[in-house]
Amino acid sequence: VPVYIFTARSEALRFDTEDWLYAQGIDFKKLYMRPLGSNDTAVKLKTNMFKQLIDEVPNIDRIIFFEDNPAVCTAVKRNIDINAKAGEVFVCEVL
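Residues numbered from 1 in each chain as written. Predicted model: local features only at pLDDT ≥ 70, side-chain atom pairs only at ≥ 80, totals over all residues. Heavy atoms only, no water.

Participant: Help me out: how do you make sense of the layout of surface pockets in this one?
Facilitator: Over the atoms a probe the size of a water molecule is rolled, and this reveals where empty space is left. Taken as a whole, the largest pocket encloses approximately 600 Å³ of empty space. Considering the residues around the largest pocket, the lining is formed by 20 residues, among which Val3, Tyr4, Ile63, Ile64 and Phe65 are closest to the centre. Within the residue set of the lining of the largest pocket, elements represented by two or more residues are strand 1 (4–10), helix 2 (42–56) and strand 3 (62–67). Looking at which element gives the most residues to the lining of the largest pocket, the answer is strand 3, with six residues. (1 Å grid on protein atoms, 1.4 Å probe; cavity = no way out; pocket = protein on both sides within 12 Å on 5 of 7 lines; lining within 4 Å. Points joined across faces, edges and corners; volume = space filled by probe spheres on them. Helix = DSSP H or I, 4+ residues; strand = E, 2+ residues; numbered from the N terminus.)

Shown next as structure tokens:
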């Protein structure tokens, strides 16, 4: 199962972030990070990342989205345009 990770961490921290993920035994297909210079809110940032994933992987049949920010979870759940392009979308709020 391919794993795609969204983080609000800056692209400037990619090397450290990837090292940490690999050290935790997390294998992933792609890591989406905050573009350099971006000041977008987490909601806007991760909603855009989600849209990018759907555009890049159009035949994705199931997405399980784990998120610790309730506002991001709500935005993803409410974005019908995004969800309509994917198969099943499960949003799991992690507190």
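Participant: Can you help me understand a nonpolar patch on the surface in this one?
Facilitator: Taken together, the side chains of Ile64, Phe66, Phe90 and Val94 define a hydrophobic patch exposed on the protein surface, amounting to about 390 Å² of accessible area. Relative to the helices and strands, Val94 resides in the segment after strand 4 (88–93). (Patch = residues over 30% accessible without salt bridge, like charges linked within 9 Å, V, L, I, M, F, W, Y side chains within 5 Å. Areas by Shrake-Rupley, 256 points an atom, 1.4 Å probe, with all protein chains shown as cover. Salt bridge = Lys/Arg side-chain N within 4 Å of Asp/Glu carboxyl O.)

Participant: Would you mind showing me how to read the nonpolar core here?
Facilitator: Where a protein is soluble and globular, its nonpolar side chains tend to be buried together. Ranked by size, the top nonpolar core spans 15 residues in total, and within it Phe6, Tyr32, Phe50, Leu53, Ile63, Phe65 and Val76 carry the most contacts. Broken down by secondary-structure element, the contributors of at least two residues to this core are strand 1, helix 2, strand 3 and helix 3 (70–78). By residue number, the principal contributor to this core is helix 2, which donates five residues. Counting five residues, the second largest nonpolar core, distinct from the first, contains Ile5, Leu21, Leu31 and Met33. (Core = buried A, V, L, I, M, F, W, Y, C linked by side-chain atoms within 4.5 Å. Buried < 20%, exposed > 50% of the residue type's maximum accessible area, 1.4 Å probe, protein only.)

Participant: Is there a simple way to think about the pattern of salt bridges in this case?
Facilitator: Once the charged atoms of two side chains with opposite charge are near each other, the side chains can pair. For the structure on display, the rule yields five salt bridges. Arg14 is the salt-bridge partner of Glu11, the closest N and O atoms lying 2.5 Å from each other. By relative accessible area, Glu11 is classed as partly exposed at 28%. One salt bridge connects Glu56 with Lys30, and the closest N-O pair in it is separated by 3.0 Å. Of this pair, Glu56 sits in helix 2 while Lys30 sits in strand 2 (residues 30–34), and the two are 26 residues apart along the sequence. The class of Lys30 is partly exposed, set by a relative accessible area of 29%. Three or more residues are tied together by salt bridges with common partners; here these are Glu11, Arg14 and Glu18.

Participant: Teacher, can you tell me more about the side chain of Thr7 here?
Facilitator: Looking at where Thr7 falls in the secondary structure, it is placed in strand 1. A distance of 3.1 Å separates the side chain of Thr7 from the backbone nitrogen of Arg9, its partner in a polar contact. Excluding residues that lie within four positions of it along the chain, Thr7 makes contacts with Leu31, Tyr32, Met33, Arg34, Leu45, Lys46 and Met49. (Polar contact = N/O pair within 3.5 Å; in protein donor to acceptor, adjacent residues only side chain to side chain. Contact = heavy atoms within 4.5 Å.)

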